[in-house]
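Geometric and topological summary
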Amino acid sequence: GSNNKHHYGQGGLYKHTIEVTHLMYDVNFRLKLNLDNYLITLVATYHDIGKLHDYEPVDKYYLEWRKTEHCRKVHHISRSSIIWNLEATKLNFPQIYIDEVTHAILSHHGQREWGSPVAPKTKLAWLLHLCDNLSARMDDCDKIDLIKVNKNE
């Protein structure tokens, strides 16, 4: 989504990645989508990996972050796609898998207004988008609830 403040804190990206992976497995099974769990693992693992280049902690508790010079030029979705393509090429993945995962990564925010250059067009891409958004929004709710409690609202 448009709010990039989800899963702040030390280990947040890891937690989000694991949540997205498990949500994707569960929905794949429950809805009998018959998607390959290996591809699910790849898209879940790589979809936000560009954030490792794009943000740096401001404090020792990893609670406050700032954008790096990289982030000002290349959005994390594009960076994630670049990293995935470099790794997949090194590992000699078939082009059909490279393209499938690339599309899911590029479309995982769902629409241009939220940073995706393309909209999801495959079951794998839709599943990533929806599970990523669910993980992010539920974490946002936790943050909002925490802020309210801290302000005694």
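Further up the page is the structure itself.
Residues numbered from 1 in each chain as written. Predicted model: local features only at pLDDT ≥ 70, side-chain atom pairs only at ≥ 80, totals over all residues. Heavy atoms only, no water.

1. Considerations on the pattern of salt bridges
According to the stated counting rule, one finds 4 salt bridges in the structure shown. Lys-15 serves as the salt-bridge partner of Glu-19, at 3.3 Å between the closest nitrogen and oxygen. Pair noted here: Glu-19 and Lys-15 are both in helix H1 (residues 12–30), with a separation of 4 residues, about one helical turn. Judged by relative accessible area, Lys-15 falls into the partly exposed class, the value being 44%. Asp-54 serves as the salt-bridge partner of Arg-79, at 3.5 Å between the closest nitrogen and oxygen. (Salt bridge = Lys/Arg side-chain N within 4 Å of Asp/Glu carboxyl O. Helix = DSSP H or I, 4+ residues; strand = E, 2+ residues; numbered from the N terminus. Buried < 20%, exposed > 50% of the residue type's maximum accessible area, 1.4 Å probe, protein only.)

2. What about the environment of Gln-111?
If you trace the backbone, Gln-111 turns up in the loop between helix H6 (95–106) and helix H7 (123–150). Since its relative accessible area comes to 32%, Gln-111 is described here as partly exposed.

3. Remarks on unusual backbone geometry
For Lys-32, which is not glycine, the phi torsion reads 50° and is therefore positive. Secondary-structure assignment places Lys-32 in the loop between H1 and helix H2 (37–46). The phi angle at Asn-34 is positive, at roughly 60°, despite the residue not being glycine. As for its placement among the helices and strands, Asn-34 is situated in the loop between H1 and H2.

4. A closer look at the nonpolar core
Counting 23 residues, the largest nonpolar core has Met-24, Leu-42, Val-43, Trp-84, Val-101, Leu-124 and Leu-127 as its most contacted members. Secondary-structure elements contributing two or more residues to this core are H1, H2, helix H5 (76–90), H6 and H7. It is H2 that contributes the most residues to this core, 6 residues altogether. Residues in contact with Met-24, not counting those within four places in the same chain, are Ile-40, Val-43, Ala-44, Leu-124, Leu-127, Leu-128 and Cys-131. (Core = buried A, V, L, I, M, F, W, Y, C linked by side-chain atoms within 4.5 Å. Contact = heavy atoms within 4.5 Å.)

5. Structural notes on the packing of aromatic side chains
Enumeration according to the criterion identifies 3 aromatic pairs in this entry. Taking 6.4 Å as the distance between ring centres and 15° as the angle between the ring planes, the aromatic pair formed by Tyr-38 and Phe-93 counts as stacked. Taken together, the residues Tyr-38 in helix H2 and Phe-93 in the loop between H5 and H6 connect sequence positions 55 residues apart. (Phe/Tyr/Trp six-rings, centres within 6.5 Å; stacked < 30°, edge-to-face > 60°.)

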